[in-house]
Every structure is written in structure tokens, then in C-alpha cells.
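Coordinate analysis (summary)
Read off the chains here:
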There are 2 protein chains.
Amino acid sequence: MTPHTETPSATTQSVAPMLSVRKGAAAVEFYKAAFAAKEVFRIEAPDGAVVSRLSIDTSEFWVADESPEYQNFSPESLGGATTRMVLTVPDPDAVFARAVSAGARAVSPVSDKEYGWRVGRVADPFGHHWEIGRPLE
Amino acid sequence: MTPHTETPSATTQSVAPMLSVRKGAAAVEFYKAAFAAKEVFRIEAPDGAVVSRLSIDTSEFWVADESPEYQNFSPESLGGATTRMVLTVPDPDAVFARAVSAGARAVSPVSDKEYGWRVGRVADPFGHHWEIGRPLE
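What comes next concerns the included structure.

**Here we look at the sheet that holds strand S1 (residues 14-21) of chain B**
Taken in spatial order, the eight strands line up as S6(A)-S7(A)-S8(A)-S5(A)-S1(B)-S4(B)-S3(B)-S2(B) in an open sheet, and their pairing is mixed. Of all the strands in the sheet, the pair left with one neighbour each is strand S6 (105-112) of chain A together with strand S2 (38-44) of chain B. Looking at each pair of strands side by side, their axes are set apart by 20° on average, direction ignored. Where S1(B) lies against strand S4 (residues 59-65) of chain B, four bridges are found, and the strand directions are parallel. Residue pairing for S4(B): Ser20(B) is matched across the bridge by Ala64(B).

**Digging into the relation of the copies chain B and chain A**
Take chain B, turn it by 180°, move it 0.0 Å along the axis, and it overlays chain A with an RMSD of 0.0 Å. Expressed as an axis order, the relation between the two copies is that of a two-fold axis. Residue by residue, 100% of the interface of chain B is reproduced at the interface of chain A, so both copies engage with the same surface.

**Topic: the environment of Val51(A)**
All names here are of chain A. Here valine 51 lies in strand S3 (residues 50-56). Considering only alpha carbons, one finds valine 51 and leucine 136, 85 residues apart in sequence, at a separation of 35 Å. When residues no more than four places from it in sequence are discounted, the contact partners of valine 51 are Met18, Phe41, Arg42, Ile43, Trp62, Val63 and Ala64.

**Some remarks on unusual backbone geometry**
Residue and element names in this part refer to chain B. One non-glycine residue, lysine 23, adopts positive backbone phi at about 60°. Secondary-structure assignment places lysine 23 in the loop between S1 and helix H1 (24-35). Of the residues examined, lysine 23 reaches a relative accessible area of 62% and is grouped as exposed. Even without a glycine there, the phi angle at glutamine 71 is positive, about 65°. Mapped onto the elements of the fold, glutamine 71 is located in the loop between S4 and helix H2 (75-78). Judged by its relative accessible area of 32%, glutamine 71 is partly exposed.

**Let's talk about the packing of aromatic side chains**
Scanning the entire structure with this criterion turns up 20 aromatic pairs over all chains. With centroids separated by 6.0 Å and ring planes inclined at 90°, the aromatic side chains of Phe30(B) and Phe35(B) adopt a geometry described as edge-to-face. Phe35(B) gets classed as buried once you look at its relative accessible area, which sits at 1%. Ring geometry for Phe35(B) and Trp130(B): centres 4.3 Å apart, planes at 35°, overall tilted. Of this pair, Phe35(B) sits in helix H1 while Trp130(B) sits in strand S8 (residues 129-135); the two residues are 95 residues apart in sequence, bridging distant segments of the chain. Of the two residues, Phe35(B) and Trp130(B), neither departs from the other in class, the shared state being buried. Three or more aromatic residues joined by ring pairs form one cluster here, namely Phe30(A), Tyr31(A), Phe35(A), Phe61(A), Phe126(A) and Trp130(A).

Rules used throughout
- Residues numbered from 1 in each chain as written.
- Chains lettered and ligands numbered in written order.
- Predicted model: local features only at pLDDT ≥ 70, side-chain atom pairs only at ≥ 80, totals over all residues.
- Heavy atoms only, no water.
- Pairing = 2+ DSSP bridges.
- Helix = DSSP H or I, 4+ residues; strand = E, 2+ residues; numbered from the N terminus.
- Axes fitted to C-alpha atoms, helices over the stretch in contact; angles between N-to-C directions.
- Least-squares fit on C-alpha atoms with pLDDT ≥ 70 in both.
- Contact = heavy atoms within 4.5 Å.
- Buried < 20%, exposed > 50% of the residue type's maximum accessible area, 1.4 Å probe, protein only.
- Phe/Tyr/Trp six-rings, centres within 6.5 Å; stacked < 30°, edge-to-face > 60°.

The structure is reproduced here in C-alpha cells:
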């Protein structure tokens, strides 16, 4: 399949998270608006469910409509998330503000942490949490 | 902090998942044994809780003991996972077998899928699910 041509070659390995959500198509639009993610590839089912592969620079993640019958649960279904996303950016304050403008909920404001990062945390409209930060100088 | 020297420079962005688990230290050992992950960095709290950064080739992910008071839930606490991990490897059959030997539970055997991948799925002992596959020729 053409969309897979970017996949690492047979000699390399990679790992990427696939976020389960309700309203997958809307989630993709949110991640594009909030985090400047680019959609690399999408499968869309007749019922509108999507599987989408997104990139942020050289990192990739996937977004898919939940399918509880296959043990793929959205945070809305379980009442929380079991993985959070660590987003490293040059300007966490700006990205945090953009995410909130796009519809995310501020969980912790951006601040300098004792472990050497400047980080803030948001919950996106689909229940996944993002830590947006960069290492301190 | 020295361990952060591998972090992308101020001009790049990256995103990596952080898996919440019970028994973080044991989870790190499992991911090393099952998927040949390498630990890049670890913070360990006095009570034994860990935050660990792991790499698989050039991809990174994090593992941390859950902290429900901060909305970081393990799959064991919620009864399922909201993100699954897509692990692309040259030989999915071999990695699937190694994961099961290391203690993972087979969810779906490795097989050729109509969407152009050869993939199998396991649940790790901490409740996170991994799709282990490669694109078909």
C-alpha cells in the first residue's frame, strides 16, 4: 500500500502510540490545530470511523476510533487515560496556549519543574493528556 | 541534567508516549526482555516508583508508576488501556514469540491482514497492548 512507503525499512524498528478516542475524525482535526500535527495516512470506514497516522516532526502517533469489542477503549469509556503524551517543543508556553485555544483543558499551567523541565499539562477534548515541555537550559 | 542531553534541540519537536503501570521497575525489565528496549534514563523515588525513558532504535517511550491522584492510571486500575503501542519490526513472528516467552499474553496471533500488514497483538503483564507487525512486501 502506498501510504506505508514511509514505514521504516526491514532493518529498523520503531514504536508509536495509537490513541483510542470517540469521534476520531474530530480528534485528528484537533491534533492538527493544537499541535501542528500533519496527517500522513488515513483509513476511513463506511461508518466514518478513522485510523489516522500523524506526524510531529519525525515522531509519529496514531489516532483511531475506539472499538471496545477489540479492547480499544477511549478515555471517555474508561474515565481516564492509561498513557499520557510527552510533547517536547521549543516554546511550551506558546503550544500550551494554542492547545487551550483549540479546545484543550488546562490541567497544570506551564512552570519550571525541579526535575529540570519547563512543562505544562492539558487534557484534550477526547480525554488524552499531554505534557508540553522542554528541558531547561 | 545530563540524561536529557539526547533531547531534541530547541528547533525540533517530538512526541512520545508515557505508559502508566503498576510495578514500574518490573515493567521496564519486561520491555527490555520482550522488545529489546534500552533504558536511556531513570528517576527512582524513595518508595521505588520509577519514571523511565526507553528507546527502541530511534523511537522513545516512557514508563512510569501510576499516580491516580494526578490522573495517571494504569490499565489495571481502569480495566483496560486507552492507547495501544504499534511496534514495527523486521520479524513480527519472532518478536511476538519473544514477548510471550517474557510473559505477555497472546491476544491475536501474527497473521497477514487485508490492510497490508503482517501483525499480531499481545497484552503485556501490566495491561498495555502491543501490535507487533511490519508492512507486507
